[in-house]
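So the chains spell out like this:
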Amino acid sequence: MSEEFKRTLKRFFTNPSALIGVTILIFFIIIAIFAPWIAPPKIPVNKNLEKARNLLENYSEENKYLIINELKNFWDDTYFFAEDDYIELSNLMETIAKFHNKEVSSNELKAHIKELTDYYILNITYYEKFDEETNKVIKNLKKEYNKIEKKYKESVISLNLINELEKIDGEEFVKQAIKVVSRFDKNFHEAIGFNPYIMPNVTTTRTPIPPSKEHPFGIVNQKDIFYGVIWGTRTAFEIGLVVVAISTVIGLFIGSVAAYFGGWLEEVLMRITDIFMSIPFMLAAMVLTTILGLGIKNMMIALIVFGWMVTARLIRGNILQAKNEQYVMAAKALGVSDFFIIVKHILPNTIFPVLINATMRIGSMVITAAALSFLGLGAPQGYADWGSILSYSRDWIIGGTNPTQYWFTILYPGIAMILFVIGWNLLGDALRDVFDPRMRH
Amino acid sequence: MTTYIIRRLLLLPLIILGVTLIVFSMSQLLGPLKLLSTYVDPNTYAKMSERDIQILMKQYGLTDPFPVRYGKWVKNLLKGDLGWSVVGKEPVLDALIHRFPYTIELALYALFPIIGVGIWLGVTAAVHHNSFIDQFIRIFALIGWSLPDFVWAILVLLIFYIGLGWFPPGNLSIWANQIVKSASFKNYTHLLTIDALLNGRIDIFWDALRHIIGPVIAISWLWWANLLRITRSSMLEVLRKDYVRTARSKGLPEKVVINKHARKNALIPVVTTAGQMVIGLLTGVVIVEMVFVRTGLGSFAATAAQQLDYASIMGVLLFTSLLLIIGNLIIDISYAIIDPRIRLG
Amino acid sequence: MMPENEKVILEVEHLKKYFPVRAGVFKRVVAQVQAVDDISFKVHEGETLGLVGESGCGKSTTGMTILRLYEPTFGRIILEEEDTTPWFMTTTEAKRYIKIMYADRFEKMKQEFGSLDEVIKNLNKEIDKKYAEIYFEQGETGIRQDMMKDLTEKRRYFRKNAQVIFQDPYSSLNPRLRIIEIIGEGMKVNKMGTNQEIRDRVAHLMEIVGLSKDYIYRYPHQFSGGQRQRIGIARALAVNPKLIISDEAVSALDVSIQSQIINLLVDLKNEYGLTFVFIAHDLAVVKHISDKIAVMYLGKIAELTLKKELFDNPLHPYTVSLMSAIPIPDPEVKKKRVVLEGDVPSPLNPPSGCRFHPRCPVAKEICSKEEPSLNEISDNHYVSCFFPGEFKI
Ligand SMILES: Nc1ncnc2c1ncn2[C@@H]1O[C@H](COP(=O)(O)OP(=O)(O)OP(=O)(O)O)[C@@H](O)[C@H]1O
Ligand code: SF4
Ligand SMILES: [Mg+2]
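Residues numbered from 1 in each chain as written. Chains lettered and ligands numbered in written order. Predicted model: local features only at pLDDT ≥ 70, side-chain atom pairs only at ≥ 80, totals over all residues. Heavy atoms only, no water.

1. Comments concerning the overall build of chain C
Moving on, step 1. For chain C, the count of helices and strands is 13 helices and 12 strands.
Moving on, step 2. A compact globule built from 393 residues would reach a C-alpha radius of gyration of about 21 Å, and chain C, at 22 Å, matches this within 12%.
Moving on, step 3. If you line up chain C on its principal axes, its C-alpha atoms span 65 × 60 × 55 Å.
Moving on, step 4. Taking all 393 residues of chain C together, the buried fraction comes to 52%.
Moving on, step 5. For chain C, the share of sequence-separated contacts (at least 6 apart) that also reach a separation of at least 24 residues comes to 65%. (Helix = DSSP H or I, 4+ residues; strand = E, 2+ residues; numbered from the N terminus. Rg over C-alpha atoms; globule rule 2.2 N^0.38 Å. Buried < 20%, exposed > 50% of the residue type's maximum accessible area, 1.4 Å probe, protein only. Contact = heavy atoms within 4.5 Å.)

2. Some thoughts on the site of ligand 2
Moving on, step 1. Residues in contact with ligand 2 amount to 13 residues; listed here are only the nearest, Cys354(C), Cys360(C), Cys367(C), Cys385(C) and Phe386(C).
Moving on, step 2. Its residues placed into classes, the shell around ligand 2 shows 11 nonpolar, 2 polar and no charged. (Near = heavy atom within 4 Å. Nonpolar A, V, L, I, M, F, W, Y, C, P; charged D, E, K, R; others polar.)

3. With respect to the interface of chain C and chain A
Moving on, step 1. Tallying the contact residues gives 27 residues for chain C and 22 residues for chain A.
Moving on, step 2. The junction of chain C with chain A conceals about 2,400 Å² of combined surface from both sides, 56% of it contributed by carbon and sulfur atoms.
Moving on, step 3. For the pair chain C and chain A, the interface holds 1 salt bridge.
Moving on, step 4. Here Lys344(A) makes a salt bridge to Glu185(C), at a shortest N to O gap of 3.4 Å.
Moving on, step 5. Between the two partners, chain C and chain A, sit 8 residue pairs in polar contact (both at pLDDT 80 or more).
Moving on, step 6. Put simply, the parts of the chain that give the side of chain C that touches chain A at least two residues each are strand S6 (162-165) and helix H6 (179-189) of chain C.
Moving on, step 7. In terms of residue class, the side of chain C that touches chain A is built from 12 nonpolar, 9 polar and 6 charged. (Buried area = accessible area lost by both parts, 1.4 Å probe. Salt bridge = Lys/Arg side-chain N within 4 Å of Asp/Glu carboxyl O. Polar contact = N/O pair within 3.5 Å; in protein donor to acceptor, adjacent residues only side chain to side chain.)

4. Considerations on the pattern of salt bridges
All names here are of chain C.
Moving on, step 1. Under the defined criterion, the tally for this structure stands at 36 salt bridges over all chains.
Moving on, step 2. Where Asp37 meets Lys300, a salt bridge forms, and the shortest distance between an N and an O atom there is 3.8 Å. On the criterion of sequence distance, the pair formed by Asp37 in strand S2 (residues 28-44) and Lys300 in strand S10 (residues 300-306) is long-range, its members being 263 residues apart. Assigned by exposure class, Asp37 and Lys300 land together as buried.
Moving on, step 3. The partner of Glu365 in a salt bridge is Lys369, and the shortest N-O contact between them spans 2.7 Å. Of this pair, Glu365 and Lys369 both sit in helix H13 (residues 365-369), separated by 4 residues, roughly a single helical turn.
Moving on, step 4. Classification of Lys369 by relative accessible area gives exposed; the value is 57%.

5. Digging into unusual backbone geometry
Moving on, step 1. Even without being a glycine, Lys102(A) presents a positive backbone phi close to 65 degrees.
Moving on, step 2. Position of Lys102(A) among the secondary structure elements: in the loop between helix H6 (82-100) and helix H7 (106-118).
Moving on, step 3. The class for Lys102(A) is exposed, based on a relative accessible area of 75%.
Moving on, step 4. Of note, the phi angle at Asp38(C) is positive, near 65 degrees, even though the residue is not glycine.
Moving on, step 5. Relative to the assigned elements, Asp38(C) resides in strand S2.

6. Comments concerning the sheet that holds S10(C)
Residue and element names in this part refer to chain C.
Moving on, step 1. One open sheet holds the 8 strands; their spatial order is S6-S7-S8-S3-S9-S10-S12-S11, and the pairing between them is mixed. Across the chains shown, the open sheet's two edge strands, defined by having one partner strand only, are S6 and strand S11 (375-378). Taken over all neighbouring pairs, the strand axes of this sheet differ in orientation by 20 degrees on average, direction set aside.
Moving on, step 2. Relative to strand S9 (residues 292-297), strand S3 (residues 48-52) runs parallel, the two being bridged by 4 bridges. In the sheet register, Val52 faces S9, and the bridge partner there is Val295. (Pairing = 2+ DSSP bridges. Axes fitted to C-alpha atoms, helices over the stretch in contact; angles between N-to-C directions.)

7. As for the pairing of strand S8 (residues 275-280) of chain C
Residue and element names in this part refer to chain C.
Moving on, step 1. Where burial is concerned, most of S8 is hidden: 6 out of the 6 residues are buried.
Moving on, step 2. Burial of S8 is two-sided: the residues Thr275, Val277 and Ile279 facing one way and the residues Phe276, Phe278 and Ala280 facing the other way are all buried.
Moving on, step 3. Where S3 and S8 come together, 5 bridges link them in parallel fashion. Residue Leu51 lies in a different strand from S8, and its bridge partner there is Ile279.
Moving on, step 4. Traced from strand S7 (residues 243-247) through helix H9 (residues 255-272) to S8, the parallel crossover comes out right-handed. (Right-handed = clockwise from strand over helix to strand, strands pointing away.)

8. Side note on the nonpolar core
Moving on, step 1. With 173 residues, the main nonpolar core has Met286(A), Leu303(A), Leu375(A), Met26(B) and Phe150(B) as its most contacted residues.
Moving on, step 2. With 15 residues, helix H19 (residues 407-435) of chain A is the single largest residue contributor to this core.
Moving on, step 3. Not counting residues within four places of it along the chain, the set of residues in contact with Leu375(A) comprises Met282(A), Met286(A), Val286(B), Ile287(B), Met290(B), Ala302(B) and Gln306(B).
Moving on, step 4. Ile216(C), Val266(C), Leu274(C) and Val362(C) belong to the second-largest nonpolar core, a separate cluster that totals 56 residues. (Core = buried A, V, L, I, M, F, W, Y, C linked by side-chain atoms within 4.5 Å.)

9. Regarding the site of ligand 1
All names here are of chain C.
Moving on, step 1. If you check the shell around ligand 1, you find 13 residues, and the closest are Ser55, Gly56, Lys59, Ser60 and Thr61.
Moving on, step 2. In the environment of ligand 1, an oxygen atom lies 3.2 Å from a nitrogen or oxygen atom belonging to the backbone of Cys57.
Moving on, step 3. Residue Lys59 places a main-chain N or O atom 2.9 Å away from an oxygen atom belonging to ligand 1.
Moving on, step 4. Computed on the free molecule, ligand 1 has an accessible area of 630 Å², of which 64% lies beneath the protein chains in the complex.
Moving on, step 5. With 3 residues, helix H1 (residues 59-66) is the single largest residue contributor to the shell around ligand 1.
Moving on, step 6. When the residues that make up the shell around ligand 1 are grouped by side-chain class, the tally is 5 nonpolar, 5 polar and 3 charged. (Areas by Shrake-Rupley, 256 points an atom, 1.4 Å probe, with all protein chains shown as cover.)

10. Comments concerning the interface of chain A and chain B
Moving on, step 1. Tallying the contact residues gives 45 residues for chain A and 49 residues for chain B.
Moving on, step 2. Summed over both sides, the interface between chain A and chain B buries roughly 4,000 Å², with carbon and sulfur atoms accounting for 81% of that surface.
Moving on, step 3. Applying the counting criterion to the chain A and chain B interface returns 1 salt bridge.
Moving on, step 4. Linking chain A with chain B are 3 residue pairs in polar contact (both at pLDDT 80 or more), by the criterion used here.
Moving on, step 5. Listing elements by their share of the side of chain A that touches chain B, those giving two or more residues are helix H12 (263-277), helix H13 (281-292), helix H17 (338-374), helix H18 (386-399) and H19 of chain A.
Moving on, step 6. Examining the composition of the side of chain A that touches chain B, we find that 10 residues originate from one element, H19(A), more than from any other.
Moving on, step 7. Residues that form the side of chain A that touches chain B fall into these classes: 31 nonpolar, 5 polar and 9 charged.

Functional significance is not addressed by these values, which are geometric in nature.
This is the structure:
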């Protein structure tokens, strides 16, 4: 470990805001990592598989066929149509191929699709949208085909597994059967689209229910707030880190290309940066999310598209300054190539302000994302996200008669959110103090 | 400096053109059919047959190549045709014009408390550098910075409306609204408080003011934090400078030193931040307007987005971008006039 | 003392470096800073040329242009009998340069002298003779091929042989690299040995410049200004260069440390036969180390001669006034100091005629009208003044 690094670390860890910030963030990181244990998701179980598992636990010879029966029932429920669907869609794919070769008219293809929708193999929208967005529909059909192909293959494998089980007995049977059951479990979750980030409904009434032993943060809109806050930690990290990382890389690239090549390229890139900066960030992100379609991913894309400019400007200014440093000149005189001059001499001395800025942006990105979710434009319904929970809270608090009645709906997600952002801001502040060039020498 | 200003002015059309290009490209991600729905009002659209749609698509040039579509769109823009606003039930431009005064009014009332208190806090912190007061103000700033605006806005509503019953949401109470909408009430400026005074209705003035204070409190904390940070650090920098030391060593009382010598010079960066704040207030008080159910550009944009009213959100985006561009231009030029050092940049 | 060795290491001919000044709405070039305007000199092997002049007269620009950290606007830079000028140019620039510098000139001479042999006889530099022969045999492309082949090799050769020592002991070393990386970088780039060899040599170099070899894993901030300057010297020495340009290498240091560093440089020069261009802004600093001194004023050379001759017999009024500014250790000698009137004019808009005339105490009418050329007044003593020696104290 280098001397300088040690000194920096020491300065960092004697800085009170760094300590508080890091502590808060470590706390959140632990929560994010251990979310499945802190707030275990209610994993849906298949009845047949559940029974099979119970039978396996106190296994005896006569249970064997009961178990196999349960597995077969599961297979029937899950894969009964797999083969048919697969064949039908394969035929459709052939028609599409012919359509591409102009052997089949678009009306014939449309008729074929209609046929499948009539059998409920395909969603009716494929037929309805066919004329408007033919290419898109075909693309989606191919995706559909791939999905069904996969399902069909899995059905074949599963059936083989069950047949194999029939041939073995005793210890070996139990060992294999447990494996098979857990494999089927996974298939089941995939088939019903289980996602732990979707907060499950825990009550039937919509009115918020105050904290209790089972639901320590209370319940709002049928969702357990504790579950949402814990899993929302992951969402916050994901949004903050991914958005800031990608937008920083884009900004770094654009800014350093502009600074290094100069001339008209710099002019063009910096004017583009100016243009992007001339659009109000929050509104731009809101509009782009709306256009791309709601959802976490689209929201993140929107935040990235309008979030790289500060980095670009910052790194460009820094590089322009560093370019005239004498050590850069000396390296040039030694014959060091342009690439290594950038990587070894310029970037290491210019990157820190960018990283500090990125740290500071994480907090505000998470706030913006939560604000979008709060407006109902970000995370989908029921997604574990602090902004979404807070938006439920607003309806109850504003509509409520007694102001203190629903305090818990805003308190916990609000505190999580504030602490998270404060953590990043403190860290950024501390980094700035530690790396401030005026504090060197 | 003149060349700097001329350069900025010449770049202006380029920037505006660039912004329109970005906004237009974004709208094109929608695909032709959704776009068509932004041109016609929804009642007509619902009744149209497939053939009508095809014809209309041709008519609006939705099947043309990109540059042609862009050209047509810009031409419409220049004519003031931004499409039909579903949310506003009127053309988008009219909807914008009707809502803008509410946003201006809120910004006006927010401006003075924010700047006054923000600068005061910043100067106080700098003067008492590293003391208990300084620490306290810094923590205050940190929280303001980290507090999501919607959480704070809800809390304000909770405390001041539901708790104390002082500052209700909305623009006006129902009785006041009826009077304002009636023919006898003249709209001179479209700013509620001012019109109320001009009409001699003190009661309506108070009512409008009561409705505006909550949002102002909700907006303020974040901007206090921004402003006091800038003021504090530039104040500290100036206090270290030689002429302040000289003034001190001349034996001038501390108060005079701070007021006459330090504060004036420290205020230059503060002016920029204040300018940015004004732009921010005019272009993006989405959350606060939504929480307080106020009419304005922000709530218009959010409602339009929620209802997938594409024409309206495009319109708001263009309009606010234009505000942002012009606002930044004014800030930069006045900055260049105040501080000659950046003139060549 | 004239060095016995007559081999010329560096020859600069008619070097010009103009910086464009961009202004206005479209950032057009509205003027040129004539930082270096037509200067020529030679440096022999083992010799040290001192380059002195007031701040802003173009000393650093001269150095940086010779090192090709700036591209020259005009002129020729010859290193060890090779024209290095086009080596760092783009192809089109190089083409243009070769046409102006060689093809056009030879063509004109051919018309003047008639026969090719006459032309070659009348050229007095080896390099011109060489390229004239090539030109008359293979034409312009021949020269181009000869000059532009093996460019990577040539560039590496140049970078290895021409090194620099900078003024600022703080900004001249990358704060994030260890000493071994800083000194060893040149060797690594020029593939001068394995890591082990490089480390040994860095350690050795540290001792040569008077630092402990135990420090090679330290960082620059752990050293004092003088020590950093020694590291900068070791970095330049590491690649075994023939020519070192030192740009005010001691100006930022305390006087006592200044003399230590100068002594170090003198020792190194004697031991390794280095050739130096030593830039400084006052004569006192170059006095000890230089063999030859060039006095610059506003982008031009005012006077160029051997050190002894310059101090015994300064002829240019500017040199005389500079001389009077040198502090004399002996308090008995009362010296009359000449304080030059007025500021240094801007190289953006230099005065007409002799650039020194607005401040020259003996300026006459002609001085503002015509520009004096750099004439050899006596053996090896060049002065650019219409009235050399007229101004005395
Ligand atoms: N990159 C540049 N662009 C424009 N002008 C420059 C540039 N570098 C130097 N100049 C100008 O060229 C002139 C000569 O500068 P130079 O740095 O060579 O002077 P110097 O003799 O080394 O002075 P000093 O003793 O201050 O180092 C100055 O007027 C300077 O302003
Ligand atoms: S030429 Fe004239 S102005 Fe120039 S130095 Fe000589 S005397 Fe002075
Ligand atoms: Mg210099």
